[in-house]
Amino acid sequence: MKNQFIALPFSYVSRSLLREPIKLLQKVLGAALVVSMVLAAGMFNQGMDRMLRNTGDPDNVLFIGAGSEDSVERSEVAKRAEGLIAGGVRGIESRMNLPSVSGEVQYMGMVDFPDGARGQGLLRGVTPSVFQVRPSVRLLEGRFPGSGEILVGVSAHRALGVPESHLAVGKTLSFDDQEFRISGRFEAPATVLESEMWLLRGDLMTLTQRETLSAVLVRLADPAAFAAADLFSKQRLDLELVAIRESDYYAQLSRFYAPIRWMTWVTTAMIAMGAAFGGVNLLYAAFSARMKELATLQSIGFSRLSLFIALLQESLLSSLAGAWVSVLFAWFFLHGNQVFFSVGSFSLELTPSLLLAAVVAALALAVVGTLPPALRCLRTPLPTALRAS
Amino acid sequence: MKKFTRLSGLALKQVLRHRTRSILTLLGVASAMFLYTSVETLQRALKVVTEQGADDTTLVVYRENRFCPATSRLPEHYLTDIRSIPGVREVIPVQIVVNNCGASLDVITFRGVPSETLVSYNPDLEVIDGSLSDWKTRSDAALLGRHFAARRGLRPGDQFEAVGMRVWVAGILTSPLAQDNNVAYVHLPYLQQASNLGLGVVTQFNVRVNSHELLDGVAEAIDARFRSDVIRTDTRPEKAFFAQTAKDMIELIAFTRWLGLGAVLAVVALVGNTLILIARGRIKESAIFQTIGFSRLDIAALTVWEGWLLGLSGGLVGILCASSFFLWKRFTFGNEGLTLAIEPRWDVAFAALVVVSLLSVLASIWPAMLASSRPVVESLRQS
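Notes on the structure in this doc start here. (Residues numbered from 1 in each chain as written. Chains lettered and ligands numbered in written order. Predicted model: local features only at pLDDT ≥ 70, side-chain atom pairs only at ≥ 80, totals over all residues. Heavy atoms only, no water.)

The next thing to look at is the sheet that holds strand E4 (residues 104–105) of chain B. All names here are of chain B. Read from one edge to the other, the open sheet built from 3 strands follows the order E4-E14-E15, with strand pairing classed as antiparallel. The outermost strands of the open sheet, each flanked by one partner alone, are E4 and strand E15 (338–342). Relative to E15, strand E14 (residues 331–335) runs antiparallel, the two being bridged by 5 bridges. For Asn 335, the partnering residue across the bridge sits in E15 and is Leu 338. Helix-sheet contacts for helix H9 (residues 238–245) involve E14 and E15, and the interaxial angle to E15 is about 95 degrees. (Pairing = 2+ DSSP bridges. Helix = DSSP H or I, 4+ residues; strand = E, 2+ residues; numbered from the N terminus. Contact = heavy atoms within 4.5 Å. Axes fitted to C-alpha atoms, helices over the stretch in contact; angles between N-to-C directions.)

This is the structure we're talking about:
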């Protein structure tokens, strides 16, 4: 006669779980550790990706020195190229009859504060046209800098490692022994720009004794006009320029940091493996100790499948409880935190996709962890299992 | 002593008897020790390049307030002034070009040096494949560090393009200085022209002084010499220069300490968890051992032996895997043109082995007390 499938009541599952609170705590904390690692690695990688993706605008084209496609910092572009690009490239967006072209100088330098604090940060030499090519930038307070003044991003203090109050409007800082007054603060949400300090291009070029620009940034009226920009860089060989979409440049930069992201996943995998092996061991012992009980349930009519489902439900409950613990941990201790990396600072965010990843990780942990010990326990012949001590 | 040895045999039998449990513990410990060894290898590599020793005699002259090779530009003619400062044994101008100044793995670094001074400045360089004379005679030739060449599968006679330059591989070199094995040496004038900086501009000067005691004095003298010049210098001992310039890399590696600590806790938790499970599952068996003559101390020692065997075997697997991984991959951490070669080290592997042994014993103490402290009669009655 074929066994009829009768599911064990959920009250049995919940009571079994609560029978040994210490073991339950071990299971929940083990799952919480694994899921927390997945969340932390995911938040880090998504944050870095988001920052680089948001910074690169597909409507913008970057003209940089040939051979410097990997890094604007070492690029050299003749100053006259700015005017030639404005006049020679078709399809450049224009606002109030001014072409959206911004020749900029990028410079990593040491900044000093009156109280003796020092920090290394990215300085960008700009002209007012910078706002035309970077529409995400918004002046929060103060004004565009004049000579001897500097505009700071809202996250610049993190890059410099100083309190936020050091970069309040009206305060001063020094670069290359030259004092600058902070004229304003700007934001550019979720981009690397927020970690920068902007000053007049002429000031930065004078102080750094530089005669060339780092790059010329152009905003196109239509992204399809990129072909015209590319053609210009290929025709004007004398300028030794390369035209690259800003979004492609940052995508390339993202690839440069791929090994770091890869390292975070390997670390997560290692810790998750250690915790998972410990968890499986625990389940082996827990299920073995209940072999007689499970055999008794089998002998009174419950099928192996219903017992397996009950064991799986127990593991799913403890894993999901662990996932909740880790989500709470991530929300209260990681979400919203700023991470500063070479390229800029980015915030850790608990996104819906990460919540889904947390649930999937918990489910996978429960299924993978339950299968081997449950199968071993349930495959034992009934007479042997009933005699188990 | 004999008894102690016999207990180890019994412990081994117990470990082998519960294969699944032992393998799971071993794999868990191996994962944690892989992580621990990796973190320690990184930390040690950093320590070697940043901690000054009594035999350090090298100074780096950089442009004041500059931290990236793309922005440190010094006139090459400073060379003669530096050379004339008392205490200076040798000077070499170096132009450095990297694909990116940010901290990441596998950064491409070109070092442009005068062909006539490379070997005299660094006599320990040895060309293991190709020819030094080929490098000297061809202007676009490059001498590749052996790890650099291995990572990209380059051999003498090959050509490759990176950082906007095309070079011809004249030879592969090896050096006792790990940094040399991860860069490409090219001719200084070639690099100056190819990188658009123009002739006469270099990134830094590497200066050898006559003795370690002269480091500070010579550094001060060099900076004083150029204080009134248009371009001022900042001279620091090589290791201090590394510590101050590669800040991102150092912060990143410093953070990995927490991972190392996590791995240590994981080993303790895993071994402890397994031994508690063993102790709980063997109550009756331990009582029988005691009735046939084993003392409580023997039961405790047996548990400790098992913990040590499990920890050590897992540790060995993890340490060997991590060391082989670094031996195979030959990672280079780069930041601001400086490279940190991550190589497996025997001292790190040995220290990790000692750590895992101690941790296993530490994790065994509580389970050993649990196993040996239960009343015999009560344990024998347990169903």
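After that view, the rundown keeps rolling.
Before going further, it helps to examine the packing of helix H2 (residues 21–55) of chain A against helix H9 (residues 258–289) of chain A. All names here are of chain A. Contact geometry for H2 and H9: axes closest at 10 Å, N-to-C directions at 165 degrees. Considering their axes alone, H2 and H9 lie roughly antiparallel with respect to each other. In this structure, H2 crosses over H9, and the sense of that crossing is left-handed. (Parallel < 35°, antiparallel > 145°, perpendicular 65-115°, else oblique. Left-handed = near helix turned anticlockwise from the far one by under 90°.)

As a further point, take the pairing of strand E11 (residues 196–200) of chain A. Residue and element names in this part refer to chain A. Among the 5 residues in E11, 4 count as buried, and that is most of the element. Direction of pairing for strand E8 (residues 149–153) relative to E11: antiparallel, over a ladder of 3 bridges. When the bridges of E11 are listed, Val 152 appears paired with Met 197. (Buried < 20%, exposed > 50% of the residue type's maximum accessible area, 1.4 Å probe, protein only.)

Attention now moves to the interface of chain B and chain A. Between chain B and chain A, the contact holds 47 residues from the first and 42 residues from the second. Summing both partners gives a buried area of about 4,000 Å² for chain B against chain A, and 57% of it is carried by carbon and sulfur. Summed over the shared surface of chain B and chain A, the number is 2 salt bridges. Close ionic contact of Arg232(B) with Asp177(A) constitutes a salt bridge, the shortest N to O distance being 3.2 Å. (Buried area = accessible area lost by both parts, 1.4 Å probe. Salt bridge = Lys/Arg side-chain N within 4 Å of Asp/Glu carboxyl O.)

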